Amino acid sequence: MTVQAASVVRAASSSVAAAAAAAARSAAPAVMASSRVLTARLATAAPARAFSAAASSSVRRPALAAQLAQSLKPSMLAGSVRFMSDKVIKTPSMGESITEGTLTKWHKQVGEFVARDEQVATIETDKIDVQVNSPESGKILELFSQEGDTVSVGGNLFKILPGDAPAGGNAAPPAPPAAAPKPAAAAPPKPAAAAPAAPATPAPLLLPLSLPAAAAPKPAAQQPVTFASEADNLPGYAPGARTERRVKMNRMRMRIAERLKESQNTAASLTTFNEVDMTNLIEFRNKYKDLVLEKHGVKLGFMSPFVKAAVHALKELPAVNARIEGDQIVYNDFMDVSVAVATPKGLVTPVVRNCESLSIVQVEAAIAALGKKARDGALSLEDMTGGTFTISNGGVFGSLMGTPIINQPQSAILGMHATKERAVVVNGQVVARPMMYLALTYDHRIIDGREATTFLVKVKEIIEDPRRLLLDL
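One structure accompanies this document, and this report is about it. Sequence order sets the numbering: in each chain, residues are counted from 1 along the sequence as written. Confidence filtering applies because this is a predicted model: local features only for residues at pLDDT of at least 70, side-chain atom pairs given and counted only at 80 or more, and all residues used for totals across whole chains, interfaces and linings. Hydrogens are left out, water is left out, and the side-chain values use all remaining heavy atoms of the structure.

### Details of the packing of aromatic side chains
We call Phe, Tyr and Trp rings a pair once their centres come within 6.5 Å, taking the six-membered ring for Trp, and we label the pair stacked below 30 degrees between planes, edge-to-face above 60, and tilted otherwise. Taken as a whole, this structure holds three aromatic pairs when the rule is applied. Where Trp 106 meets Phe 158, the ring centres are 6.4 Å apart and the plane angle is 90°; that geometry is what we call edge-to-face. Of this pair, Trp 106 sits in strand 2 (residues 100-106) while Phe 158 sits in strand 8 (residues 156-162), and the two are 52 residues apart along the sequence. The pair Trp 106 / Phe 158 is uniform in exposure class, with both members buried. With a centroid separation of 5.5 Å and 55° between ring planes, the pair formed by Phe 284 and Tyr 288 is classed as tilted. Taken together, the residues Phe 284 and Tyr 288, both in helix 7 (residues 279-296) and four residues apart, mark about one turn of the helix. The numbering of helices and of strands both runs from the N terminus, where a helix is a DSSP run of H or I of at least 4 residues and a strand a run of E of at least 2. Relative accessibility thresholds used throughout: buried, under 20% of the residue-type maximum; exposed, over 50%; partly exposed, between the two (1.4 Å probe, protein chains only).

### Observations regarding the sheet that holds strand 6 (residues 138-143)
Pairing between the strands of a sheet comes from backbone hydrogen bonds, and it takes one of two forms, parallel or antiparallel. Two strands are counted as paired when DSSP detects at least two bridges linking them. Spatially, four strands are ordered 1-8-6-3 in an open sheet, and the strand pairing comes out antiparallel. In this open sheet, the two edge strands, each paired with only one partner strand, are strand 1 (87-90) and strand 3 (113-114). In the sheet, strand 1 pairs with strand 8 via four bridges, with the strands oriented antiparallel. Within strand 8, the position partnered with Lys 87 by the bridge is Ile 160.

### Some points on empty space enclosed by the protein
We place a 1 Å grid over just the protein atoms. Points where a 1.4 Å probe fits but has no way out form a cavity, open points with protein on both sides within 12 Å along at least 5 of 7 lines form a pocket, and any residue with an atom within 4 Å of a point lines it. Grid points are joined across faces, edges and corners, and a volume is the space filled by probe spheres set on the points. Counted by the stated rule, this structure contains one cavity of 30 Å³ or more. There is about 40 Å³ of room inside the largest cavity. Put simply, the parts of the chain that give the lining of the largest cavity at least two residues each are helix 7 and helix 11 (449-464). For the lining of the largest cavity, the class distribution of residues is eight nonpolar, no polar and no charged. We call Asp, Glu, Lys and Arg charged. Ala, Val, Leu, Ile, Met, Phe, Trp, Tyr, Cys and Pro are nonpolar, and the rest, Gly among them, are polar.

Structure representation (structure tokens):
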């Protein structure tokens with residue numbers, strides 16, 4: 001009887017153990033999946049470390065995993081997911097050889113929504129202003145730099161929480177609390193009823209034992225002494241404020257100063273001059289400017305004929321279009337002309353490329369487009385890179401004559417100046433003609449005087465008779 005009871009007990013125990021093992025095996029995948037989810041969502045939250053460690057052993061203890069799942073709060077999961085979705089935007093690349101810039105303006109502040117590709121900040125470099133756009137839509141959480149700070153390429157710039165725009169757009173800043181009503185001013189106390197006047201009693205006369213010494217009279221305030229004849233005795237003297245103020249140079253101005261001084265220290269600069277009669281070019285422009293504007297939508301100016309005249313001369317004198325690199329002379333078979341444009345931040349030289357393949361109208365359209373981008377501060381680094389020859393027009397500011405500085409590593413620069421009516425001799429007669437002085441500054445290391453003078457004479461001949469361009473003369 002005892003043996004049979006023991007067999008029954010062992011059989012029952014085996015059945016229970018088998019059932020428990022089957023239940024554990026069936027529950028293990030679900031528990032393991034739950035463990036992975038919990039670990040992934042809570043890995044970044046400090047309070048979740050204990051839960052993650054316990055959940056890793058939940059395969060062996062299913063009851064513990066269930067208990068952990070019940071103890072988790074939704075707010076813990078929501079906070080963890082939100083933290084993981086924050087994104088730090090780095091300072092983008094600003095061009096070759098540019099490693100840092102100055103953050104000049106934040107266009108968005110903390111708490112504001114920014115759309116994809118919307119401008120967030122402006123960074124000033126020594127060449128251009130870089131617009132930093134948001135790579136995706138979301139809410140600005142943190143700005144890592146202040147306006148005026150120097151930011152490096154690849155550094156943290158701002159933090160964003162990706163997401164769609166709020167239903168009502170950017171939340172308006174909370175209105176200031178209404179001022180508490182001021183308590184009403186207490187009414188002045190009513191005068192008490194007049195009491196019957198008491199009979200006047202003369203005050204007793206008290207005589208001091210000794211009279212105090214009379215107070216000494218205060219000295220009169222001393223008036224400033226002025227000399228009526230001071231201005232007469234000091235010629236050139238005039239009273240007034242003598243103040244000064246210091247303004248930090250922006251990066252572009254510092255770069256311009258550096259490059260100009262570098263040019264003077266590098267090149268053996270020499271300038272040659274000539275004058276050109278603008279009569280025929282002015283007549284040419286006046287005759288066709290309305291037709292060009294009507295057909296091409298471009299205002300015909302004087303810069304494009306000078307560019308084409310310079311390109312024509314560069315073809316005949318390739319040394320003027322060359323540059324020095326080490327112990328070699330690099331001759332360029334293409335003509336990329338840099339056109340100097342004045343901007344509020346300084347002089348920039350965007351490049352009109354392959355001018356040898358462009359017509360006068362196409363050159364004028366390219367110059368107009370680059371000039372607008374320069375004034376709007378929208379020039380890109382590609383617009384400024386390169387250039388084999390430069391033309392500067394100081395005449396738009398009234399300059400009569402000047403010596404331009406070579407734009408390194410180029411070898412020459414052509415300077416245009418103001419057109420003035422002057423008396424000149426034409427066919428033995430003195431007549432008034434619109435004349436302009438031209439200046440060519442060149443690097444005497446690579447360009448000889450003969451080549452420089454020939455180049456300037458060639459430009460003069462084409463400007464005085466634009467028909468030479470058509471005949472390739």
